[in-house]
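Chain and residue survey
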Amino acid sequence: MNDDPRLTIVKERYDIAGLKILMTTYHQETMKRAIPYRAETEWREEEADGVIDFGHDFYEQIYREYLPHSNYTTIEYMYTGSLFHRFLLEHNGCMLHSSAVVVDGYAYLFSANSGTGKSTHTELWLKHFGDKAFIINDDKPSLRFEEGEWYVYGTPWSGKHNINVNTRVKLGAIVFLERSENNWIEPLDVKEAIPLFFRQTVRSLKTADKMDLALEKIGQVLTHNPIYKMGCNISDDAVITAYEKIRRV
């Protein structure tokens, strides 16, 4: 069943991950998610780093021909996020399908296949650290290289629970999760990490140059930041095991 196709057309300027994005949304849920990212200062449309406007006819076609079991809101979410990622690649950045928790001024990204429990794991961090911790993005945080360092940004593309904060935090580490009865964590070399990262980034890149750019950015992120693989269960000990290994001070 599709959701209500009635349109709520909003053309607005947004500042997302430090980029000027001119985006037109056609469905209320997408518009609501983007509200915290509305530009605080006026800029000319021609100054935009990227323009996102697929048009409702496009979404309707995708629904009819390819995704009849989905809905317009989900389709708009998917395609706007994918196009934003292309702009991000052109500005020293990329997205990683992950849940990003902030503690002590650093963002720690936990990435895994859907259903593995990355959000469950970061929720345990919130319980353990209380007010010291927050989720900057629960699904698709943006990473950008700026001023000689890698930073993590919240974005409107933040999963079914829509947990995100419009802020920028230094990247602490990236951890690829898997389920395990016991908690363990170990460093991961770049060669092992590249396919794990690639599987969890936005991959609807239709041209070879964009694919090359994505691989280039992935290599840069992994070369300049601590990368780990972790097996964990659902316990406070999982948080302690991770934090004692990856914390940045």
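Worth saying up front: this structure is predicted, and the values here are computed from it rather than measured.

So, about the overall build of the chain. Looking only at helices and strands, the chain features seven helices and 12 strands. In summary, the chain has a C-alpha radius of gyration of 18 Å against a globular reference of 18 Å for 249 residues, a match within 12%. The dimensions of the chain, computed from C-alpha atoms along their principal axes, are 50 × 40 × 40 Å. Within the span of the chain, comprising 249 residues, buried residues form 52% of the whole. Contacts in the chain between residues at least 24 apart in sequence constitute 67% of all its contacts with a sequence separation of at least 6. About 12,100 Å² of surface is accessible on the chain, with carbon and sulfur atoms providing 48% of the total. Computing the positive centroid from 29 side-chain charges and the negative centroid from 36, the chain places the two 2 Å apart.

A few words now on the packing of helix 4 (residues 118–129) against helix 7 (residues 236–246). In the contact formed by helix 4 and helix 7, the axes pass within 9 Å of each other and the chain directions differ by 85°. By the criterion of interaxial angle, the relationship of helix 4 to helix 7 is roughly perpendicular. Contacts between helix 4 and helix 7 involve His 121, Leu 124, Trp 125, His 128 and Phe 129 from the first element and Asp 236, Ala 238, Val 239, Ile 240, Ala 242, Tyr 243 and Ile 246 from the second.

Moving on, we get to the sheet that holds strand 3 (residues 50–52). Spatially, three strands are ordered 1-2-3 in an open sheet, and the strand pairing comes out mixed. Every interior strand has two partners, whereas the edge strands, strand 1 (10–16) and strand 3, have only one. In this sheet, neighbouring strand axes are inclined to one another by 20° on average, regardless of whether the strands run parallel or antiparallel. Sheet topology places strand 1 next to strand 2 (residues 19–25); seven bridges connect them, and they run antiparallel. Residue Glu 12 lies in a different strand from strand 2, and its bridge partner there is Met 23.

As a further point, take the packing of aromatic side chains. A complete count under the given rule lists 14 aromatic pairs for this structure. Centroid distance Phe 54 to Tyr 59: 5.9 Å. Interplanar angle 55°. Geometry classified as tilted. Taking the relative accessible area as the measure of exposure, Tyr 59 reaches 0% and is therefore buried. Through a chain of ring-to-ring contacts, three or more aromatic side chains come together here, namely Tyr 26, Phe 54, Phe 58, Tyr 59 and Tyr 79. Taking the ring centre of Trp 43 as reference, the NZ or CZ of Arg 13 above it sits at 5.8 Å.

A few words on the pattern of salt bridges. Summed over the entire model, instances satisfying the criterion amount to 13 salt bridges. For the salt bridge of Arg 13 with Glu 42, the shortest nitrogen-to-oxygen distance reads 3.2 Å. Separated by 29 residues along the polypeptide, Arg 13 in strand 1 and Glu 42 in the loop between helix 1 (28–34) and strand 3 bring together distant segments of the chain. Arg 168 is the salt-bridge partner of Glu 146, the closest N and O atoms lying 3.1 Å from each other. With Glu 146 in strand 8 (residues 142–146) and Arg 168 in strand 10 (residues 168–179), this pair connects stretches of sequence that are 22 residues apart. Since its relative accessible area comes to 15%, Glu 146 is described here as buried. The exposure class assigned to Arg 168 is partly exposed, which follows from its relative accessible area of 32%.

This brings us to the packing of helix 2 (residues 56–65) against helix 3 (residues 72–89). Close contact between helix 2 and helix 3 brings their axes to 10 Å; oriented N to C, the two are set at 110°. The pairing of helix 2 with helix 3 is recorded here as roughly perpendicular in orientation. Two packed elements cross with a definite hand, and for helix 2 against helix 3 that hand is right-handed. Contacts between helix 2 and helix 3 pair His 56, Phe 58, Tyr 59, Glu 60, Ile 62 and Tyr 63 from the former with Tyr 72, Ile 75, Glu 76, Tyr 79 and Thr 80 from the latter.

What counts, and at which threshold
Residues numbered from 1 in each chain as written. Predicted model: local features only at pLDDT ≥ 70, side-chain atom pairs only at ≥ 80, totals over all residues. Heavy atoms only, no water. Helix = DSSP H or I, 4+ residues; strand = E, 2+ residues; numbered from the N terminus. Rg over C-alpha atoms; globule rule 2.2 N^0.38 Å. Buried < 20%, exposed > 50% of the residue type's maximum accessible area, 1.4 Å probe, protein only. Contact = heavy atoms within 4.5 Å. Areas by Shrake-Rupley, 256 points an atom, 1.4 Å probe, with all protein chains shown as cover. Lys, Arg positive; Asp, Glu negative; His and termini not counted. Charge placed at Lys NZ, Arg CZ, Asp CG, Glu CD. Axes fitted to C-alpha atoms, helices over the stretch in contact; angles between N-to-C directions. Parallel < 35°, antiparallel > 145°, perpendicular 65-115°, else oblique. Pairing = 2+ DSSP bridges. Phe/Tyr/Trp six-rings, centres within 6.5 Å; stacked < 30°, edge-to-face > 60°. Lys NZ or Arg CZ within 6 Å of the ring centre and 35° of its normal. Salt bridge = Lys/Arg side-chain N within 4 Å of Asp/Glu carboxyl O. Left-handed = near helix turned anticlockwise from the far one by under 90°.

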